[in-house]
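Spelled out, the chains give:
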Amino acid sequence: MPQPFDRRRRPRTSHRPTPPVIVNLGDRFPLTIKKLGVEGQGIGYFKHKVCFVPGALPGEVVVAEVTKIHEKYLEAKIHQLRTPSPARVTPRDAYAGEAGGFELEHLAYAEQLKFKRQVVLDSLAKFKPRGYKHYEVRDTIPAPHPYGYRNKAQFQLRQVDGHVVAGLYRANSHDVIDMETCAIQMPATMRVMRQLVAWIEELQLPIYDEATNSGIIKTIAIRESASTNEIQVTFITNSKKLPQKRRLIERLQTTFPNVVSIMQNFNPGDTPLVWGDETMLLAGRPTITESLMGLDFQLSARSFLQLNPEQTETLYEEAAQAVDLQPTDTLIDAYAGIGTIGLSLANRVQQVRGMEVIPAAVDDANHNAQLNGIDNAHYEVGTAEELMPQWRAAGLHFDALIVDPPRTGLDQALIEQILAENPTKFAYVSCNMATLARNLARLTPTYRVDYIQPVDMMPQTPRCEAVVKLSLNPNA
Ligand code: SAH
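Under the annotation held in an unreviewed UniProt entry, the chain carries the name 23S rRNA (Uracil-5-)-methyltransferase RumA and is attributed to Limosilactobacillus equigenerosi DSM 18793 = JCM 14505.

Listed below in structure tokens is the structure:
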């Protein structure tokens, strides 16, 4: 007998478990790409199971070939591209898609900018900070040069069939892709790199071999200043000896007068770390000079600097606008690196205090303050979460706070300190939209999100940066 209709009972269909998807490695099937994932891969659904396809774009129909099977999702490669997206462009680098750093080179730049804004929206929808549906998420500020922007090339070297190859690791492997060109690099960094590699091959210098833990040269790092065009070359080596170093130095200096700093970093043994602790001067000066926001910064081989110096000024100017500084303000520059943000803004406030965990970076920050005649900025070694309570206990109160944390975001203890101090002006510079959204969920409702401004620092990659303006919420 049919039961009377019970309004409390829900339809049962949604509880039926979905049958397991039976799929094997190498299987091929047509797949429509629905969107891009945070790492820039295409995402489609094969029988309701998420399938990541690097290199595929939204709206495209591909024949996908399964390369890895996970419990919750599949990985696949494009076997055949059936319907290309109108937003698809030809990558400048032949190996785009094989190594990290060019994941979106096949997507038109305007679409890359939209994608980065969408990453912000998706992260907000996931972590749901208070009022997130009403946040003003602005259009991504484009980089002035979507190619040739990157100031540092750090290439691994390998000896393969009698030749020296130099480049980045192939994704998920320790194979090195020989990179003759790299369109995102500042061109001079590549000219010096390829010439050096040719000389190293000609002079038959010993390249480090992971398998036997023998040989000498492991990595070459080249950094160029965008403002002075000075170049620093660092050989990262397995031994302190660098054969033929006189000849290499002489060739470098005569062929490239801009190479004003030649260094050697000693990193012995088979280690996952690229850099060792000891850096020696081989020729020229130990630093190169970069100008940012009207100040000169001296960079040693290990100093951290944003990879896109031209766009860095835009990022910092956005951070400054978000805190609306006054001459009487005390500004905290947290996660300071070499102090580039705080020092740039020191002339707009009464004093700057900053902290950073890497002692050498803090030395650089204080040294660069001195070089630029800045006497109202001081940097200390320590974590933001440890130093902030000490500074507050010692009576320091601050009006403005700029945080620029690594991908892990703000430590919970620091968030508690911020909520206890409640600075009226607060800018959050973020390089990871997921941890940003998670931190905002905790900072709201004490703070209100006035706007989020995405800034593209790394064109051709899925990496996003954003500046968030936060104000104390009068209704909290
Ligand atoms: N603001 C700088 C650096 C940003 S990168 C710039 O624009 O160049 C983030 C920095 O935070 C790194 O230099 C890292 O060493 C530092 N850091 C990481 N964890 C930290 C912590 N818990 N407290 C303070 N600094 C930290």
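Now that the structure has been shown, the text picks up again.
Draft legend 1. Region of the structure containing the UniProt feature "domain: TRAM" (unreviewed entry) in the chain. Within the UniProt annotation, "domain: TRAM" (unreviewed entry) is assigned to residues 22–80. Within residues 22–80, the helical portion is 0% and the strand portion 58%, while the C-alpha atoms at the span's ends are 22 Å from each other.

Draft legend 2. The arrangement of the packing of helix α2 (residues 187–202) against helix α3 (residues 245–255) in detail. Relative to each other, α2 and α3 sit at 145 degrees, their axes nearing to 11 Å. When the axes of α2 and α3 are compared, the crossing they make is right-handed. Across the interface between the two elements, Val-192, Leu-196, Trp-199 and Glu-202 of α2 pack against Leu-248, Arg-251, Leu-252 and Thr-255 of α3. Grouping the constituent residues of the contact of α2 with α3 by class yields five nonpolar, one polar and two charged.

Draft legend 3. The environment of Pro-286, seen in detail. As for its position among the elements, Pro-286 is in the loop between β12 (278–284) and β13 (288–292). Residue class for Pro-286 comes out partly exposed when judged on its relative accessible area of 43%. Along the backbone, Pro-286 and Val-53 are 233 residues apart, and their C-alpha atoms lie at a distance of 44 Å. Once you skip the residues sitting within four places of it in the chain, Pro-286 turns out to touch Gln-232, Ser-261, Met-263, Leu-281, Leu-299, Ser-300 and Ala-301.

Draft legend 4. Structural context of the nonpolar core. Ranked by size, the top nonpolar core spans 80 residues in total, and within it Ile-220, Val-233, Phe-235 and Leu-252 carry the most contacts. If you tally residues by element for this core, the top one is α2, at eight residues. In contact with Ile-220, not counting residues within four places along its chain, are Ala-153, Gln-154, Phe-155, Leu-157, Met-193, Leu-196, Ile-200, Val-233, Thr-234 and Phe-235.

Draft legend 5. Geometry of the pattern of salt bridges. Summed over all chains, the structure comprises 21 salt bridges. Between Glu-278 and Lys-240 there is a salt bridge whose closest N-O contact spans 3.1 Å. Note that Glu-278 is positioned in strand β12 and Lys-240 in the loop between β10 (231–237) and α3, a separation of 38 residues in sequence. Taking the relative accessible area as the measure of exposure, Lys-240 reaches 43% and is therefore partly exposed. Salt bridges here are not isolated pairs; linked through shared partners, they connect Glu-98, Arg-170 and Asp-175.

Draft legend 6. The sheet that holds strand β21 (residues 465–472), seen in detail. Spatially, β17-β16-β15-β18-β19-β21-β20 is the arrangement adopted by the seven strands of the open sheet, whose pairing is mixed. Since the sheet does not close on itself, it has two edges, and those belong to β17 (377–381) and β20 (447–455), each with one partner. Strand-to-strand twist across the sheet, computed as the mean angle between neighbouring axes with direction ignored, equals 15 degrees. Of the pairings in the sheet, the one linking strand β16 (residues 351–356) to β17 comprises five bridges and is parallel in character.

Draft legend 7. A look at helix α6 (residues 359–371). In this model α6 runs 18 Å from its N-terminal to its C-terminal C-alpha over 13 residues, within 8% of the 18 Å that 1.5 Å per residue would give. Residues of α6 that are buried include every one of Ala-361, Val-362, Asp-364, Ala-365, Asn-368 and Ala-369, and no others. Mapping the buried residues of α6 onto a view down its axis gives an arc of 155 degrees, with all of them on the same face. Along α6, exposed side chains directed more than 90 degrees from the buried face belong to Asp-363 and Gln-370. On its buried side, α6 packs onto β14 (295–299), α5 (340–345), β16 and β17. Taken from the residues just after α6, Gly-373 is the one with a positive phi, measuring 65 degrees.

Draft legend 8. Molecular detail of the domain arrangement of the chain. Under the domain assignment, the chain is made up of domain 1 (28–88), domain 2 (117–144 + 294–299 + 308–472) and domain 3 (152–292). Taken over C-alpha atoms, the centre of domain 1 sits 36 Å from the centre of domain 2.

Draft legend 9. Representation of the UniProt feature "active site" (unreviewed entry) in the chain within the structure. Summarizing the sequence annotation, UniProt attributes the feature "active site" (unreviewed entry) to Cys-431 in the numbering used throughout. Along the chain, Cys-431 turns up in the loop between β19 (425–430) and α9 (433–443). Those residues within four positions of Cys-431 in sequence are excluded, and the remaining contacts are Pro-405, Pro-406, Arg-407, Cys-464 and Glu-465.

Draft legend 10. Fine view of the site of the ligand. Inspection of the region around the ligand gives 17 residues, with Gln-306, Tyr-316, Glu-356, Ala-384 and Asp-404 positioned closest. At a separation of 3.1 Å, a nitrogen atom of the ligand approaches a polar backbone atom of Tyr-335. Between an oxygen atom of the ligand and a side-chain N or O atom of Glu-356, the distance comes to 2.6 Å. In isolation the ligand offers 580 Å² of accessible surface; the protein chains occlude 86% of this area. Listed by contribution, the elements that provide at least two residues to the shell around the ligand are α5 and α7 (384–393). Among the residues making up the shell around the ligand, the classes are represented as nine nonpolar, five polar and three charged.

Draft legend 11. View of the packing of α7 against helix α8 (residues 412–421). Packing of α7 against α8 leaves a shortest axis separation of 8 Å and a crossing angle of 30 degrees. As far as their axial angle goes, α8 and α7 are roughly parallel. Remark: the crossing between α7 and α8 carries left-handed chirality. When α7 is examined against α8, the residues Ala-384, Glu-385, Met-388, Pro-389 and Arg-392 are found in contact with a partner set consisting of Ala-413, Leu-414, Gln-417, Ala-420 and Glu-421. Residues belonging to the contact of α7 with α8 are distributed by class as follows: six nonpolar, one polar and three charged.

What counts, and at which threshold
- Residues numbered from 1 in each chain as written.
- Predicted model: local features only at pLDDT ≥ 70, side-chain atom pairs only at ≥ 80, totals over all residues.
- Heavy atoms only, no water.
- UniProt positions renumbered as here; feature names shortened; annotations may be inferred.
- Helix = DSSP H or I, 4+ residues; strand = E, 2+ residues; numbered from the N terminus.
- Axes fitted to C-alpha atoms, helices over the stretch in contact; angles between N-to-C directions.
- Left-handed = near helix turned anticlockwise from the far one by under 90°.
- Contact = heavy atoms within 4.5 Å.
- Nonpolar A, V, L, I, M, F, W, Y, C, P; charged D, E, K, R; others polar.
- Buried < 20%, exposed > 50% of the residue type's maximum accessible area, 1.4 Å probe, protein only.
- Core = buried A, V, L, I, M, F, W, Y, C linked by side-chain atoms within 4.5 Å.
- Salt bridge = Lys/Arg side-chain N within 4 Å of Asp/Glu carboxyl O.
- Pairing = 2+ DSSP bridges.
- Expected span 1.5 Å × (residues − 1).
- Arc of directions from axis to C-beta.
- Domains from an automatic or database assignment.
- Near = heavy atom within 4 Å.
- Polar contact = N/O pair within 3.5 Å; in protein donor to acceptor, adjacent residues only side chain to side chain.
- Areas by Shrake-Rupley, 256 points an atom, 1.4 Å probe, with all protein chains shown as cover.
- Parallel < 35°, antiparallel > 145°, perpendicular 65-115°, else oblique.

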